[in-house]
Amino acid sequence: MNRRNYLIRRALQALASLFIIATLLFFLFRMGLPDPTTALLAEGLSPEQREAVRQSFGLDQPLWRQYVLFLQNAVQGDFGFSFHYRAPVADIIWERLGNTMVLMVTAIVVAYVIGVPLGAWLSWRRGTRADTVGIFAGLMFRSAPMFWTGMIGILVFGVMLGMLPTSGMRTLPYESTGFLDKITTLDFLWHLTLPALVVALYYLGSPLLIMRNTMLEVYGEDFIEMARAKGLPERRILYNHAARNALLPVVTQLAVTIGLAAGGQVVVEVVFSWPGLGREILNAVRTSDFPLAQASFLVMAAFVITLNLLVDILYSTLDPRVSFK
């Protein structure tokens, strides 16, 4: 199988996976909440008013008709109206997703920029005190509950030292004309620092430990011995030869991490009052706002599937040994 046919087959598999997930989400939400208007209607509302609400949300249609409309609208990016906000779900999701991705991407970039070279360096210093301290720190931050690390951060940097704000994206009250206007201020960066640091410390352990362990396996390969026999400096062997061949597991983990980050870290968004998608999903479930919850899960699934597809494409570029069988 050539590269073109392989990519077409993987794209079709991704679309089939997304279709199955969309179908499961639709019927699971209908099974869990057969009549969503019971969570929406206020007490004392007349049957006529209740029926008007059902018609306005298309809930009076047969189930198969609702399913077809749901798929048609989802393809066009239309997820209906939120019961709670009385606003288009798509507008709410894209705004919250943007807030979440700014936080998560910043934290993941910091974690991987530090974790990957540090993991390679620790493998070079294996068995030393620095290696022991690095492994301990990586395991500790990865194992510690994020809400606990967040509360410690708030206590130290927010309450005791008063250096950083402890909640929100901006100092209230504020007005912004758009998303870029909201995030391109020093006040936003000031609010971003502490939650991004907490999330980065949590994610740091994965690239650090994966890179270190993979590097130790690569050190036993013949091409490393050949590079040493040529008299190349150890640092050049480390970063130019061994590190490149040890990156594949890190790339896989990175894709999974970014995909899961699309849903946000509910805990950290709640602890820091960050208006992201994770906190919005929690609120949607709590208020029985099933159009918003359903669309949020579907967007998360699409994000993970797309990133897995991109990783498969990257694999064939990073490692020429990968075949398209």
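Structural data are supplied above this passage.
Residues numbered from 1 in each chain as written. Predicted model: local features only at pLDDT ≥ 70, side-chain atom pairs only at ≥ 80, totals over all residues. Heavy atoms only, no water.

Undergrad: Looking at this structure, how should I read the overall build of the chain?
TA: Helices and strands together make up the secondary structure of the chain, namely 15 helices and zero strands. The proportion of buried residues among the 325 residues of the chain is 40%. Sequence-distant contacts, at least 24 apart, represent 74% of the contacts inside the chain between residues at least 6 apart. As displayed, the chain has an accessible area near 17,800 Å², and 65% of this comes from carbon and sulfur atoms. (Helix = DSSP H or I, 4+ residues; strand = E, 2+ residues; numbered from the N terminus. Buried < 20%, exposed > 50% of the residue type's maximum accessible area, 1.4 Å probe, protein only. Contact = heavy atoms within 4.5 Å. Areas by Shrake-Rupley, 256 points an atom, 1.4 Å probe, with all protein chains shown as cover.)

Undergrad: Would you explain the side chain of Thr214 in this entry?
TA: Structurally, the position occupied by Thr214 is in helix H9 (residues 186-218). A polar side-chain atom of Thr214 sits 2.7 Å from the main-chain carbonyl oxygen of Ile210. Excluding its chain neighbours within four sequence positions, the residues that come into contact with Thr214 are Ala246 and Pro249. (Polar contact = N/O pair within 3.5 Å; in protein donor to acceptor, adjacent residues only side chain to side chain.)

Undergrad: What is the right way to look at a nonpolar patch on the surface in this model?
TA: On the surface, Phe19, Ile20, Leu24, Phe27, Leu28, Met31 and Leu63 cluster together to form a nonpolar patch covering roughly 710 Å² of accessible area. Looking at the nonpolar patch element by element, the count peaks at six residues for helix H1 (residues 3-32). Among the structural elements, Leu24 can be located in helix H1. (Patch = residues over 30% accessible without salt bridge, like charges linked within 9 Å, V, L, I, M, F, W, Y side chains within 5 Å. Salt bridge = Lys/Arg side-chain N within 4 Å of Asp/Glu carboxyl O.)

Undergrad: Explain the layout of surface pockets here, please?
TA: Left-over empty space is what a probe sized like a water molecule reveals as it rolls over the atoms. Here the second largest pocket is characterised by a volume of approximately 340 Å³. In this structure, the second largest pocket is lined by 14 residues; those nearest its centre are Leu18, Ala22, Ala74, Val75 and Leu298. Among the elements of the structure, H1, helix H4 (63-75) and helix H15 (290-318) are those that each provide at least two residues to the lining of the second largest pocket. (1 Å grid on protein atoms, 1.4 Å probe; cavity = no way out; pocket = protein on both sides within 12 Å on 5 of 7 lines; lining within 4 Å. Points joined across faces, edges and corners; volume = space filled by probe spheres on them.)

Undergrad: I tried to follow the environment of Pro207 on my own but got confused; where do I start?
TA: Structurally, Pro207 can be placed in helix H9. On the basis of relative accessibility, which here comes to 1%, the residue Pro207 falls in the buried class. Residues Pro207 and Leu118, 89 residues apart in the sequence, show an inter-C-alpha distance of 9.0 Å. When neighbours within four sequence positions are excluded, Pro207 is seen to be in contact with Ala111, Tyr112, Gly115, Val116 and Val250.

Undergrad: What is the right way to read the packing of helix H10 (residues 222-229) against helix H11 (residues 234-245) from this model?
TA: Geometrically, a packed helix pair is captured by the angle between its two axes and the distance between the axes. Packing of H10 against H11 brings their axes to within 11 Å, and their N-to-C directions diverge by 160°. With respect to H11, the element H10 is oriented roughly antiparallel. Relative to H11, H10 is oriented so that their crossing is right-handed. Here Phe223, Ile224, Ala227 and Arg228 of H10 lie close against H11, whose contacting residues are Glu234, Ile237, His241, Ala242 and Asn245. Residues belonging to the contact of H10 with H11 are distributed by class as follows: five nonpolar, two polar and two charged. (Axes fitted to C-alpha atoms, helices over the stretch in contact; angles between N-to-C directions. Parallel < 35°, antiparallel > 145°, perpendicular 65-115°, else oblique. Left-handed = near helix turned anticlockwise from the far one by under 90°. Nonpolar A, V, L, I, M, F, W, Y, C, P; charged D, E, K, R; others polar.)

What is shown is where atoms sit, not what they do.
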